[in-house]
Amino acid sequence: MTDSSHEKHRRPLHIITRQQLHKKIWSTPALHLATEFGISGRGLAKICASHDIPVPPHGWWARRDPDHKLTPRVLPTTRPKDEEIIIGQSTGARQKHFAAEIKAEAALVTVLVPDTLENPHPLVTRTLRALTVSADNDGLTRPRRNATALDVQVSSDQQVRSLRILQAVITTLEASGLSVSVDRTRKTTVVSGLEEAMEISLREQLESVTRETTPEELRRRASEPWFEIPCFRSVPAGSLTLAITNAEVLGVRQRWADGKRQRLEACLGGFIAGLRLAARAIRAEKERTAERAREHEEWRKAWEENRRAQALFDLRAKALLQQLTAWRDARDIRAMAADVERRMETLGVSDGSGSHDWVTWARLYADMLDPAAGTLRSLPGTEDLPRTWRY
């Protein structure tokens, strides 16, 4: 299939905010909206679910007539309303979106790699002095422990080339107002001056090759049948990879390496452009995270306020029902006392009998129970709530 046919069958890319998609999903049938985006209805449902966007229930569009007044569900505040959603190609959509930006910015950046290391940057000089053969037996050299050196792991054959590349990158970054330093605690190379501090590294790729079994391994295998003899070993492949090590943001390119058609030296402009783009993406992600946290905190406070208000309402309702019960009991006691008194008069019971004392006490007790007999107790307030409900 030719490139033109690929372009012909490629689905368009749609960038829409979460709030806009919520509005569309409640104003357009999902099947029609999915066709508009060039995806399946199930794919649209997955996108809505992953971004916490409520969708109309079954039968929603059948009930949408003038006689039915239906209200769409409110968009939850668990995620930012202006969060961008990329809809279109099922794989690599976001990567291609950022790749276009990197390509545009890379055209404005020129990085010249020197042929020799003349007047190297102080960090490059320290790194060259600190590189030593690694104890991992993989053929790579690494900076000595506690050395103020760049994050480099290359073979001896690639040392000069790798340091020339780093010299060009550092020179270009500092010429644009940025600074490069070494974090000795984390042993990383840090680029400062962007929206976020970025960490970079230079590595030589490893490849597996068949290794020869040593006589000592054969003797050990004979005495220890469970011993497994390794069949392969890692050796430097001669290909370098320049990476952004703290750009774990979906869709942001993180590695530039030697390929079959071009060397890493030809990709340095794209690397610096990608470095700037990754810093912006990380800052945007942090802002979105902070905004989500702020919205969640506002929602939590509103939820707590509603719970507190409901608890206060329940407390007052309980107090009212208790007073109503006491009032009914007082009314029933008075009615009973009056009935007993009438019976006593009918039977001619004398005033000095114990029955009259009982009736008198019953009326006193009814007055004690009756909340309407005196001043009603004050309405319960926030101070009457349990401590867990107070602010």
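These lines cover the structure that appears in this document, whether it is placed above or below. Small disclaimer: the values here were computed from a predicted structure and weren't measured.

Side note on the pattern of salt bridges
Scanning all chains against the criterion turns up 19 salt bridges. In this structure, Lys24 engages Glu36 in a salt bridge whose closest nitrogen and oxygen atoms are separated by 3.7 Å. Of the two residues, Lys24 is situated in helix H2 (residues 18–25) and Glu36 in helix H3 (residues 30–37); the sequence distance between them amounts to 12 residues. By relative accessible area, which is 43% here, Glu36 ends up partly exposed. Ionic pairing is found between Arg308 and Glu305, a salt bridge with its closest N-O pair at 2.8 Å. Within this pair, Arg308 and its partner Glu305 are both found in helix H9 (residues 268–347), separated by three residues, close to a single helical turn. You can call Arg308 buried: its relative accessible area is 15%. Take Glu305: its relative accessible area is 31%, and that puts it in the partly exposed class. Taken together, the shared-partner salt bridges in this structure form one network comprising Arg161, Asp258 and Glu265.

Some remarks on unusual backbone geometry
Positive phi, normally seen in glycine, also occurs at Asp52, with a value near 55°. Counting through the fold element by element, Asp52 comes out in the loop between helix H4 (41–50) and strand S2 (84–87). What makes Asp52 partly exposed here is its relative accessible area of 29%. In the Ramachandran plot, Lys187 falls in the positive-phi region, its phi being about 55° despite a non-glycine side chain. Turning to its location among the elements, Lys187 is positioned in the loop between strand S6 (179–183) and strand S7 (188–192).

Topic: the environment of Ala338
Looking at where Ala338 falls in the secondary structure, it is placed in helix H9. Residue Ala338 is classed as partly exposed on the basis of its relative accessible area of 23%. Sequence separation between Ala338 and Arg363 is 25 residues, and the spatial gap between their C-alpha atoms is 9.2 Å.

Let's talk about the packing of helix H6 (residues 122–130) against helix H7 (residues 159–175)
Between H6 and H7, the least distance of the axes is 10 Å, while the angle of their chain directions is 160°. As summarised for this structure, H6 and H7 are arranged roughly antiparallel, according to the angle between their axes. The two elements H6 and H7 cross, and the hand of that crossing is right-handed. Facing H6, whose interface residues are Val124, Thr127 and Leu128, H7 presents Gln159, Leu163, Gln167 and Ile170. Taken together, the residues of the contact of H6 with H7 break down into four nonpolar, three polar and no charged.

The rules behind each value
- Residues numbered from 1 in each chain as written.
- Predicted model: local features only at pLDDT ≥ 70, side-chain atom pairs only at ≥ 80, totals over all residues.
- Heavy atoms only, no water.
- Salt bridge = Lys/Arg side-chain N within 4 Å of Asp/Glu carboxyl O.
- Helix = DSSP H or I, 4+ residues; strand = E, 2+ residues; numbered from the N terminus.
- Buried < 20%, exposed > 50% of the residue type's maximum accessible area, 1.4 Å probe, protein only.
- Axes fitted to C-alpha atoms, helices over the stretch in contact; angles between N-to-C directions.
- Parallel < 35°, antiparallel > 145°, perpendicular 65-115°, else oblique.
- Left-handed = near helix turned anticlockwise from the far one by under 90°.
- Contact = heavy atoms within 4.5 Å.
- Nonpolar A, V, L, I, M, F, W, Y, C, P; charged D, E, K, R; others polar.

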